[in-house]
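# Remarks on the overall topology
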Amino acid sequence: MNKIGFIGMGNMAQAIAGGFIASGKISGTNVFAYAPNQEKLRNNAKKIGFTALPSLVQLCEACDTVIVACKPYQIKDVLAECDSALKGKALLSVAAGWVHATFHEILGNDVRIQCIMPNTPALVGEGVMLFEKETSLDADELAQAKELFATLGIVEELPTNLMGIGGAISGCGPAFMDMIMEAYADAAVKYGISRPVAYKLVAQTMLGSAKLQQVTGSHPGVLKDAVCSPNGTTIRGVDTLEKNCLRGALISSIDAIMDYKAK
């Protein structure tokens, strides 16, 4: 993976390209991108440090690795426009809903394929990068891809049949975490704390709790129990959340996503 080209340069692609370059694992001179809005692309190129190119074919010809970062509904047209320029290349996709078999059906054996599902915390280097286990990258390419994407957060490999649920948890999950942060911040404001301080307290509490679980490897229930003193305040809050079916509501949010995907 000497030269990497991005098809599309939205927020996620900017985070990925910026993370790659900032890590020092690839030089900005070896990162290229194409997007229809050329003026915006050139502005992002100056900001992030990659080279903007005026066409899809030029991008494919300039790079040995192409990252598909456009909207999922645009991919078929993009692949058709690239045509034979993708032959012999490695193609990484960060588009939701597309898996190895879908690309393989269109591109055949002429292109080596890896599908990856990132999430928005990649913008701050704390993302989840889900690699589909089915891949046609060679061993060295796969290792390099994982090393590059690890600069944006953790890398986890899942079989194709679990990419949907994995994406529901890590891809949709940030929105649910944001709702929880907003609700507790509202409670803090209700009792007199300013909005900026409320968000700071809640965000750090969520961040710290997640980090504590990661570092200790403890079951979340054990960590919860450690905060719940007998006849104390926390256990009363826990009791109220249980009575209001917090766990059931959270699980149901994932059920709704999976039911929708199954249609």
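The model shown is predicted, which means the values in this text are computed figures rather than measured ones. (Residues numbered from 1 in each chain as written. Predicted model: local features only at pLDDT ≥ 70, side-chain atom pairs only at ≥ 80, totals over all residues. Heavy atoms only, no water.)

## A short note on the overall build of the protein chain
A tally of helices and strands in the protein chain yields eleven helices and eight strands. Its C-alpha atoms put the protein chain at 70 × 40 × 30 Å along the principal axes. Relative to its full complement of 263 residues, the protein chain shows a buried share of 37%. In the protein chain, 59% of the contacts between residues at least 6 apart in sequence involve partners at least 24 apart. Summing over all exposed atoms, the protein chain offers an accessible surface of approximately 14,800 Å²; the carbon and sulfur share of this is 57%. Treating the 23 positive side-chain charges of the protein chain as one cloud and the 25 negative ones as another, the clouds have centres 7 Å apart. (Helix = DSSP H or I, 4+ residues; strand = E, 2+ residues; numbered from the N terminus. Buried < 20%, exposed > 50% of the residue type's maximum accessible area, 1.4 Å probe, protein only. Contact = heavy atoms within 4.5 Å. Areas by Shrake-Rupley, 256 points an atom, 1.4 Å probe, with all protein chains shown as cover. Lys, Arg positive; Asp, Glu negative; His and termini not counted. Charge placed at Lys NZ, Arg CZ, Asp CG, Glu CD.)

## Observations concerning unusual backbone geometry
In this structure, Asp83 takes a positive phi of about 50° despite not being glycine. With respect to the secondary-structure elements, Asp83 resides in the loop between α4 (75-82) and β5 (90-93). A positive phi is found at Asn231, a non-glycine position, where the angle reads about 60°. Of note, Asn231 is situated in the loop between α9 (220-227) and α10 (233-243). Take Asn231: its relative accessible area is 66%, and that puts it in the exposed class.

## What to know about the sheet that holds strand β3 (residues 51-52)
The strand order across the open sheet built from eight strands is β3-β2-β1-β4-β5-β6-β7-β8, with neighbouring strands paired in mixed fashion. Of all strands in the sheet, those bounded by a partner on one side alone are β3 and β8 (153-158). Sitting on the sheet, helix α6 (residues 139-149) touches β1 (4-7), β4 (65-68), β5, β6 (112-117), β7 (127-132) and β8, and the angle it makes with β7 is about 165°. Each of β6, β7 and β8 is contacted by helix α7 (residues 160-190), which is oriented at about 170° to β7, the strand it contacts most. (Pairing = 2+ DSSP bridges. Axes fitted to C-alpha atoms, helices over the stretch in contact; angles between N-to-C directions.)

## What to know about the nonpolar core
For soluble globular proteins, the rule of thumb is that nonpolar side chains tend to be buried together. Phe6, Met9, Phe20, Phe50, Ile67, Leu92 and Phe149 are the most contacted members of the largest nonpolar core, which has 32 residues in total. Of all the elements in the fold, those that place two or more residues in this core are β1, α1 (11-23), β2 (31-34), α2 (38-48), β5, β7 and α6. In terms of residue count, α1 provides more of this core than any other element does, five residues in total. Counting residues in each nonpolar core, the second largest holds 25 residues, with Ile7, Phe32, Val68 and Val111 among its members. (Core = buried A, V, L, I, M, F, W, Y, C linked by side-chain atoms within 4.5 Å.)

## Some words on the state of the cysteines
What we call a disulfide is simply a covalent bond connecting the sulfur atoms of a pair of cysteines. Under the counting rule described, the total for this entry stands at zero disulfides. Looking at Cys70, it has no disulfide partner, and the nearest cysteine sulfur is the one in Cys82, 8.9 Å off. The class of Cys70 is buried, set by a relative accessible area of 13%. Of all cysteine sulfurs in the structure, the one in Cys228 sits closest to Cys245, which takes part in no disulfide; the separation is 18 Å. (Disulfide = S-S within 2.5 Å.)

## Some details on helix α11 (residues 246-262)
Here α11 is 17 residues long and its end C-alpha atoms lie 25 Å apart, about the 24 Å a rise of 1.5 Å per residue gives. All of the buried residues along α11 are Ser253, Ile254 and Ile257. Along α11, the residues classed as buried sweep out an arc of 85° about the axis, all on the same side. In α11, the exposed positions that point more than 90 degrees away from the buried face belong to Arg247, Ile251, Asp259 and Ala262. On its buried side, α11 packs onto α7. (Expected span 1.5 Å × (residues − 1). Arc of directions from axis to C-beta.)

## Some details on a nonpolar patch on the surface
A cluster of nonpolar residues, Tyr184, Leu241, Leu246 and Leu250, forms a patch on the protein surface that exposes about 330 Å² of accessible area. With respect to the helices and strands, Tyr184 occurs in helix α7. Judged by its relative accessible area of 46%, Tyr184 is partly exposed. (Patch = residues over 30% accessible without salt bridge, like charges linked within 9 Å, V, L, I, M, F, W, Y side chains within 5 Å. Salt bridge = Lys/Arg side-chain N within 4 Å of Asp/Glu carboxyl O.)

## Describing the packing of aromatic side chains
For the coordinates displayed, the defined rule picks out four aromatic pairs. Between the aromatic rings of Phe6 and Phe20, the centroid separation amounts to 6.4 Å while the plane-to-plane angle is 45°, which identifies the pairing as tilted. Within this pair, whereas Phe6 is found in strand β1, its partner Phe20 is found in helix α1, the two being separated by 14 residues in sequence. Each of the two residues, Phe6 as well as Phe20, counts as buried. Summarising the aromatic geometry, the rings of Phe131 and Phe149 are spaced 5.8 Å apart at their centres and angled 85° between planes, so their arrangement reads as edge-to-face. Here Phe149 lies in helix α6 and Phe131 lies in strand β7, a separation of 18 residues in the sequence. On the accessibility criterion, Phe131 (0% relative accessible area) is buried. Judged by its relative accessible area of 1%, Phe149 falls in the buried class. Taken together, Phe6, Phe20, Phe131 and Phe149 form an aromatic cluster joined through their ring pairs. (Phe/Tyr/Trp six-rings, centres within 6.5 Å; stacked < 30°, edge-to-face > 60°.)

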